[in-house]
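# Structural description and commentary
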Amino acid sequence: MTKTAFITGIAGQDGAYLARFLLGKGYNVHGLIRWDSAHEPYEGKSRINALRLDHKNLTLHLGDITDANAVTSLIKKIEPDEIYNLAALSQVHVSFQTPASTLDINTNGTLNILEAVRILGMEKSVRIYQASSSEMFGSTPPPQNEASPMMPCSPYGVAKLAAYHLARTYREAYGLFVCNGILFNHESPLRGEDFVTRKIARAVVEFEQGRTEPMKLGNLDAIRDWGFAGDFVEGMWLMLRHKVADDFVLSSGDAHSVRTFVERAFAYIGVEIEWEGEGVEEQGIDANTGRVMVDIDEALFRPLEVNHLLGDASKAAKTLGWAPETDFEALIGMMINEERQLPKDGSNTWLKAG
Ligand code: NAP
Ligand code: G4F
């Protein structure tokens, strides 16, 4: 029988990849999209365009995860078999500037989904994926797995941790089938433009095409475990196939600093970067020409930083049979190649190509 999935945050990076994955499996996919994302020239719309809006099994619903009544009536109408709750304010730095709305979207938004399923008596018929995050580990030393202490370092991390506990509580109290996917950083050509990997990939291609202004970055020494979003959405789906609801880490298991990402990205276009100076005076220099390619901007540092994330996804490997396919170098190459092909109007063709 055809399954029906409801994806909140469908206009985001993961929403686009997940929708494509589920449509490919024959699902009817319903997506929640904010009204301002549904219109050009917002990048959310271009991701949805890349999905082919006219797919006969894809239905978009205008709405907001913070609107409890609207969320409840939508779930009642859609009668989904699976809900993937991806909607979030996902920019960690921004969460320091908008802490209250971060909690409203990331925590209360999750509560709205859980409560809707409970109030509608759908506990036994719906399986829920909750987009939890490695940011919840915060200052806990690496490697981090499902049993590691959670010590978040941002309003974003705190909001995600509260949502994680709400999901666990609803699972235990009301028998909801809800899984927390504790996902480490995953990137793609569809990554939002202000996340560091996409920002670097874009700048590198701009340099290749004649850019002269140095790229500005913040903390070069933060270490992240970067994987490919396309691999990770399959893990979300696999969690909902498991016989019991549980929590799973998904990660590549390979961590690098932002500095290394910069070096490898420039190396991809044949530029060797040498670092000179210290602290905010540090610069990344083209070793051949002496040109400054990277400057440090103090404003891009966060009030508190998560220094080192390195995931241990052995539980997901053993229990779900999940393994990422795309390694660090392949991810960088994919992002740069796709950035090179972006049309001048900024719309992203990746999913059409894929
Ligand atoms: P993303 O690209 O920022 O997508 C998030 C989506 O949520 C956006 O389309 C956004 O809509 C939507 N949204 C924000 N506020 C909303 C609201 N009030 N009502 C309805 N929709 C709203 O993030 P992503 O990278 O795809 O991540 C997906 C989920 O996984 C997020 O919950 C994120 O926190 C979590 N996560 C991501 C990673 C990662 O490395 N990517 C790792 C761990 C966890 P607009 O387009 O209108 O802004
Ligand atoms: O790319 P980022 O903004 O991602 P961050 O903060 O790790 O968060 C992402 O991954 C989380 C999972 O661990 C998700 F839950 C979250 O939703 C999001 O998807 O920053 C990565 C690192 C940080 O340490 C940051 O300080 O890069 C450092 N950085 C240095 N310069 C920069 C910049 N980050 C950004 N965004 N922009 C810079 O110019």
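Presented here is an overview of the structure given in this document. None of the values given here were measured: they were computed from a predicted structure. (Residues numbered from 1 in each chain as written. Chains lettered and ligands numbered in written order. Predicted model: local features only at pLDDT ≥ 70, side-chain atom pairs only at ≥ 80, totals over all residues. Heavy atoms only, no water.)

## Structural notes on the overall build of the protein
Within the protein, the secondary structure is distributed over twelve helices and 15 strands. Scaling as 2.2 N^0.38, a compact globule of 354 residues should have a C-alpha radius of gyration of about 20 Å, and the protein matches this with 20 Å. Among the 354 residues that make up the protein, the fraction classed as buried is 53%. Of the contacts formed within the protein by residues at least 6 apart in sequence, a portion of 76% connects residues at least 24 apart. For the protein, the accessible area works out to roughly 15,100 Å², and carbon and sulfur atoms hold 50% of it. Counting 34 positive and 48 negative side-chain charges, the protein places the centres of these two groups 8 Å from one another. (Helix = DSSP H or I, 4+ residues; strand = E, 2+ residues; numbered from the N terminus. Rg over C-alpha atoms; globule rule 2.2 N^0.38 Å. Buried < 20%, exposed > 50% of the residue type's maximum accessible area, 1.4 Å probe, protein only. Contact = heavy atoms within 4.5 Å. Areas by Shrake-Rupley, 256 points an atom, 1.4 Å probe, with all protein chains shown as cover. Lys, Arg positive; Asp, Glu negative; His and termini not counted. Charge placed at Lys NZ, Arg CZ, Asp CG, Glu CD.)

## Re the packing of helix α3 (residues 68-78) against helix α5 (residues 99-119)
The interhelical angle for the contact between α3 and α5, taken along N-to-C directions, is 45°, at an axis separation of 9 Å. With respect to α5, the axis of α3 lies oblique. Pair α3 / α5 crosses with right-handed handedness. Contacts between α3 and α5 involve A68, V71, T72 and I75 from the former and N112, I113 and A116 from the latter. In terms of residue class, the contact of α3 with α5 is built from five nonpolar, two polar and no charged. (Axes fitted to C-alpha atoms, helices over the stretch in contact; angles between N-to-C directions. Parallel < 35°, antiparallel > 145°, perpendicular 65-115°, else oblique. Left-handed = near helix turned anticlockwise from the far one by under 90°. Nonpolar A, V, L, I, M, F, W, Y, C, P; charged D, E, K, R; others polar.)

## Let's talk about the site of ligand 2
If you check the shell around ligand 2, you find 24 residues, and the closest are S133, S134, Y156, R302 and E305. R224 places a polar side-chain atom, nitrogen or oxygen, 2.7 Å from an oxygen atom of ligand 2. Partitioning the shell around ligand 2 into residue classes produces ten nonpolar, seven polar and seven charged. (Near = heavy atom within 4 Å. Polar contact = N/O pair within 3.5 Å; in protein donor to acceptor, adjacent residues only side chain to side chain.)

## Focus: the sheet that holds strand β8 (residues 215-217)
Read across the open sheet, the four strands follow the order β8-β15-β14-β13; overall the sheet is mixed. Looking at which strands have only one partner, the edges of the open sheet turn out to be β8 and β13 (273-276). The sheet shows a mean angle of 25° between the axes of neighbouring strands, taken without regard to direction. Two elements, β8 and strand β15 (residues 292-296), share three bridges in a ladder whose sense is parallel. Following the sheet pairing, M215 is matched in β15 by V294. Across the face of the sheet, helix α7 (residues 196-208) comes into contact with β8 and β15 while running at roughly 160° to β8. (Pairing = 2+ DSSP bridges.)

## Remarks on the pattern of salt bridges
Applying the stated rule across the entire model yields 16 salt bridges. Between R168 and E172 there is a salt bridge; the shortest N-O distance is 3.7 Å. Here R168 and its partner E172 are both found in helix α6 (residues 155-174), four residues apart, which amounts to about one turn of the helix. With its nearest N and O atoms 2.7 Å apart, the salt bridge here joins E187 to R191. On the accessibility criterion, E187 (1% relative accessible area) is buried. (Salt bridge = Lys/Arg side-chain N within 4 Å of Asp/Glu carboxyl O.)

## Structural notes on the environment of R291
Within the secondary structure layout, R291 lies in the loop between β14 (283-286) and β15. R291 sits in the partly exposed class, given a relative accessible area of 35%. Those residues within four positions of R291 in sequence are excluded, and the remaining contacts are F207, R211, T212, G284, I285 and D286.

## Side note on the sheet that holds strand β6 (residues 177-183)
Pairing within the open sheet is parallel, and its seven strands lie in the order β3-β2-β1-β4-β5-β6-β11. Where the open sheet ends on each side, the last strands, each with one partner, are β3 (58-62) and β11 (248-250). Pairwise comparison of adjacent strand axes, ignoring direction, gives a mean angle of 20° for this sheet. Both strand β1 (residues 4-8) and strand β2 (residues 28-33) contribute to a ladder of five bridges, which runs parallel. Pairing of F6 across the sheet is with H30, part of β2. Sheet contacts for helix α1 (residues 13-24): β1, β2, β3 and β4 (82-85); angle to β1, the most-contacted strand, approximately 175°. Across the face of the sheet, helix α8 (residues 229-241) comes into contact with β4, β5 (127-133), β6 and β11 while running at roughly 155° to β6.

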